[in-house]
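Structural description and commentary
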Amino acid sequence: VEACPPGDPEAVKTCAAALKDAHRDVRHAAVIGMPKLASSGDERAIFSVAERLEDSDHKVRKSVSAVLSKLSTEHDRRLVQQVVLRLSSIHAVVRKVAVLTLVTVAPKGTQEVVAGIEGCLKDQDS
C-alpha cells in the first residue's frame, strides 16, 4: 500500500467525510489524521475540522484545537473567522473550546477575536 502524499485532494475529501461519521471514534480519528493528509492552509481541511468544534463529543472537540493550529498558516484569517463563528454558539462548551483555540491560532490583539471573547464574558452560562 502506497501512502498518499500530503495535500492529496482525494485523501482530504475522504477524511473530511469521515469527520461527519456517526461514531465519535471515527470522527476523532479523522480529526487527528487530517494534518497528516492536508497541506498547511488547506481550506477544505480547515473548514471541515473547524466544524467539529461543535461536535457532541468532548474528546473530538478537544482534539480540534491542536489540529487547527497544525493546519493553519501564520495569521490565517479564514481560520480565525471560522473559530470566531463558534463564539456565538448556544452551547457554553463550544464557546469554551473556541476561546481556547483562538488563543493558539489568532494573532494577538485581533479586534474580531477580542470583541467575540468580550461577548462570551457577558454570557451567564459561560
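Up top you'll find the structure we're talking about.
Starting from 1, residues in each chain are numbered consecutively following that chain's sequence as written. Totals for whole chains, interfaces and linings use all residues, but because this is a predicted model, local features are given only for residues with pLDDT of at least 70 and pairs of side-chain atoms are given and counted only at 80 or more. Only hydrogens and water are set aside; all other atoms, that is, all heavy atoms of the structure, feed into the side-chain values.

Okay, the overall build of the chain next. When helices and strands are tallied, the chain shows seven helices and zero strands. Working definition: helices are DSSP H or I runs of at least four residues, strands are E runs of at least two. Numbering for both runs from the N terminus. Its helices and strands in sequence order give the chain the pattern α-α-α-α-α-α-α, from N to C terminus. Here the globule rule is a power law, 2.2 Å times the number of residues to the power 0.38, and the radius of gyration is based on C-alpha atoms. Whereas a compact globule of 126 residues would reach a radius of gyration of roughly 14 Å, the chain reaches 15 Å, a difference of no more than 12%. C-alpha extents for the chain along the principal axes are approximately 55 × 30 × 15 Å. Taken across its 126 residues, the chain has 42% of its residues classed as buried. The contacts in the chain between residues at least 6 apart in sequence include a share of 65% that link residues at least 24 apart. Accessible surface, the chain: about 7,400 Å² in total, of which carbon and sulfur atoms supply 55%. Each residue is assigned to one of three classes by its accessible area relative to the maximum for its type, calculated with a 1.4 Å probe on protein chains only: buried under 20%, partly exposed between the two thresholds, exposed over 50%. Contacts: residue pairs with any heavy atoms within 4.5 Å of one another. Methods summary: accessible areas were calculated by the Shrake-Rupley approach with a probe of 1.4 Å, and residue burial reflects only the protein chains presented.

This paragraph deals with helix α4 (residues 58-71). By definition here, a helix of n residues has an expected span of 1.5 Å times n minus one. An ideal rise of 1.5 Å per residue puts 20 Å on 14 residues; α4 measures up with 20 Å between its terminal C-alpha atoms. A residue's bend is simply the angle between two axes: one fitted to the seven residues ending at it, one to the seven starting at it. Along α4, the sharpest change in direction is near 25° and occurs at S65. Taken residue by residue, α4 has V60, R61, S63, V64, S65, V67, L68 and L71 as its buried positions. Close packing links the buried residues of α4 with α2 (24-37), α3 (43-51), α5 (77-85) and α6 (92-105).

What follows covers the side chain of Q82. In this fold, Q82 is placed in helix α5. If we skip the residues at most four places from it in the chain, Q82 touches F47 and A50.

Let's shift gears to the pattern of salt bridges. Here a salt bridge means any side-chain nitrogen of Lys or Arg lying within 4 Å of a carboxyl oxygen belonging to Asp or Glu. Throughout the structure, instances matching the rule amount to seven salt bridges. Taking the shortest distance from any N to any O, the salt bridge between R78 and D76 comes out at 3.4 Å. In this structure D76 comes out as buried when scored by relative accessible area, which is 4%. Via salt bridges that share partners, R27, R52 and D55 belong to a single interconnected network.

Here the focus is the packing of α4 against α6. Angles shown run from 0 to 180 degrees and are taken between the N-to-C directions of axes, each axis being a line fitted to C-alpha atoms and, for helices, limited to the stretch in contact. Direction vectors running N to C along α4 and α6 enclose 20°, while the axes themselves pass 9 Å from each other. With respect to α6, the element α4 is oriented roughly parallel. Crossing of α4 over α6 shows right-handed handedness. Contacts from R61, S65, L68 and S69 of α4 reach α6 at V93, V97, L100, T101, T104 and V105. Should an angle lie under 35 degrees it is considered roughly parallel, over 145 roughly antiparallel, and from 65 to 115 roughly perpendicular; all remaining angles are considered oblique. For a crossing to be left-handed, the near helix must be turned anticlockwise from the far one by less than a right angle; the clockwise case is right-handed.

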